[in-house]
Amino acid sequence: MASGDGGDDAGVKRVADRYLKREVLGEGTYGVVFKADDTKTGNTVAIKKIRLGKYKEGVNFTALREIKLLKELKDSNIIELIDAFPYKGNLHLVFEFMETDLEAVIRDRNIVLSPADTKSYIQMMLKGLAFCHKKWVLHRDMKPNNLLIGADGQLKLADFGLARIFGSPERNFTHQVFARWYRAPELLFGTKQYGSAVDIWAAGCIFAELLLRRPFLQGSSDIDQLGKIFAAFGTPKSSQWPDMVYLPDYVEYQFVSAPPLRSLFPMASDDALDLLSRMFTYDPKARITAQQALEHRYFLSVPAPTKPSQLPRPPPKGDSGNNKIPDLNLQDGPVVLSPPRKLRRVTAHEGMEVHMHRADRTEEHPSGARHMDDMSSQSSRIPMSVDVGAIFGTRPAPRPTLNSADKSRLKRKLDMDPEFGYTE
Ligand SMILES: Nc1ncnc2c1ncn2[C@@H]1O[C@H](COP(=O)(O)OP(=O)(O)OP(=O)(O)O)[C@@H](O)[C@H]1O
């Protein structure tokens, strides 16, 4: 039981005269989440207690106004934000309670997902995205554990808009590294001006993960993430993505051609592959939108999506052993696994990498936007031989081979990113 909110002793605590706080459900990027009873409605809710920290000053103004907007986002595929209030120095966000999430579905080895089940989950995800994008709200942190599943089987997007309001104040190693796997290439190239296409890329990664039953592109650093993307889809040509060369962290990679998508997803239908390729379009301006994706023939062709109430689901969280994190080396061959949340064993080296990335990425918020004209268009050539097999995580990603000129040009990158080694 988390402490410090309510007035009473051990056991149930009352929060803001309305909620009876029960057990802690977990801790995420923004703070602790606990289960509670809403005495006003009799419903079970999940309360996210956000440590305001350095955002204390601003939260009363901008953040609370934005949160008010989030409360108005009501859709059957979005987690409802029921209430929001500051309490004892923390902001409390009250959400409808959900039994499980897509991460638990993907990694549950007892669950067999039929093509119709996958289609149903993807359709619900895209419906939620399309609704929010229509209202100009981005998610920015799409990943399987942010797709919650209710007792009725409905999948709902959680944490919508929070990344924009709060940034990633407490993003630690675990949260940073797994969020990376879903990052769009424009974000990895350091764009400051991004749009709903970043959510579509992430949604494509989640689609792929449902098909493969393991994370698709498991980069160990931002550069390695790009390497994994290029190994899967080929290096982008400027004809495919004309604005790419203007992005702040753009570097030119040695050309790698794309393997057939079919070779990466041998079991997927042609329609599924076509939709995937449109979600993984490099140029964010040309990437399919959520609404267009919903109109794609994948959703019109057989099999029809499974009804949510008939979808296979793991037992509700908190039931025996369901929350155990498997003890796995992520790069050791194909495993049924989605990003584990509470992987605490971090080597000093990995911790250092995260620290460096955090420092490097502090200006991600749109308020720090630089105009494209201000951005350096100088590029460095990184000869890089990428190995398609590496994207399956069966062996480490190949090291790029650099000559001395490359080395000095890339010194800054190497300083930032100890994972990015090189060989003579
Ligand atoms: N509405 C909800 N209903 C039930 N459980 C929830 C709800 N929201 C969050 N949880 C659970 O609370 C825990 C913490 O969730 P939170 O969203 O803060 O972080 P996370 O999803 O684990 O990681 P991240 O912050 O990186 O997204 C998780 O176990 C999550 O499943």
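Look a little higher up for the structure.
Before going into details, it helps to say that this report is about the structure given with it. All values reported here derive from a predicted model rather than from experimental measurement.

Parameters and conventions
- Numbering of residues starts from 1 in every chain and runs along the sequence as written.
- Local features in this predicted model are restricted to residues of pLDDT 70 or higher, and side-chain atom pairs are both shown and tallied only at a pLDDT of 80 or more, whereas totals for entire chains, interfaces and linings draw on every residue.
- No hydrogens and no water enter the side-chain calculation; it runs on all heavy atoms of the structure.
- Secondary structure elements follow DSSP: runs of H or I no shorter than four residues count as helices, runs of E no shorter than two count as strands, and numbering proceeds from the N terminus.
- Any pair of nitrogen or oxygen atoms within 3.5 Å is treated as a polar contact; in protein, a donor-acceptor pairing is required on top of that, and neighbouring residues in sequence qualify only through side-chain atoms on both sides.
- Here's how the labels work: a residue is buried when its accessible area is under 20% of the maximum for its type, exposed when over 50%, partly exposed in between, all with a 1.4 Å probe on protein chains only.
- When DSSP finds two or more bridges between a pair of strands, those strands are recorded as paired.
- Every axis corresponds to a line fitted to the C-alpha atoms, with the helix fit spanning only the stretch in contact, and the corresponding angles, defined between N-to-C directions, vary from 0 to 180 degrees.
- Definitions for this section: a left-handed crossing has its near helix turned counterclockwise from the far helix by less than a right angle. A right-handed crossing has that turn clockwise.
- When checking whether two residues touch, look at their non-hydrogen atoms; a contact exists if any pair is within 4.5 Å.
- Just so you know the grouping, Ala, Val, Leu, Ile, Met, Phe, Trp, Tyr, Cys and Pro go in nonpolar, Asp, Glu, Lys and Arg go in charged, and all remaining residues, Gly too, go in polar.

All right, on to the side chain of Asp 224 then. Within the secondary structure layout, Asp 224 lies in helix H8 (residues 222–233). A polar atom in the side chain of Asp 224 sits 2.7 Å from the backbone nitrogen of Ser 220.

In terms of residue burial, strand S3 (residues 31–38) counts as a mostly covered element, since seven of its eight residues are buried. Relative to S3, strand S2 (residues 19–27) is paired through six bridges, and the arrangement is antiparallel. Pairing of Gly 26 across the sheet is with Val 33, part of S3. Here S3 runs beside strand S4 (residues 44–51); their pairing, made up of seven bridges, is antiparallel. Paired with Ala 36 across the bridge in S4 is Val 45. Hairpin connection between S3 and S4: a loop of five residues separates the two successive antiparallel strands, and Gly 42 in this loop has a positive phi of roughly 80°.

Before going further, it helps to examine the packing of helix H7 (residues 197–212) against helix H10 (residues 270–279). To describe two helices that pack against each other, one gives the angle between their axes and the distance between the axes. Where H7 meets H10, the closest approach of the two axes is 8 Å, and the angle between their N-to-C directions is 145°. Relative to H10, the crossing made by H7 is left-handed. Residues Ile 200, Trp 201, Ala 203, Gly 204, Phe 207, Ala 208 and Leu 211 of H7 pack against Ala 272, Leu 275, Leu 276 and Met 279 of H10. Residues that form the contact of H7 with H10 fall into these classes: ten nonpolar, one polar and no charged.

Taken in spatial order, the three strands line up as S7-S8-S9 in an open sheet, and their pairing is antiparallel. Looking along the sheet, the strands with just one partner apiece sit at the ends: strand S7 (100–101) and strand S9 (155–157). Bridge count between strand S8 (residues 147–149) and S9: three bridges; the pairing is antiparallel. Within S9, the residue paired with Ile 149 across the bridge is Leu 155.

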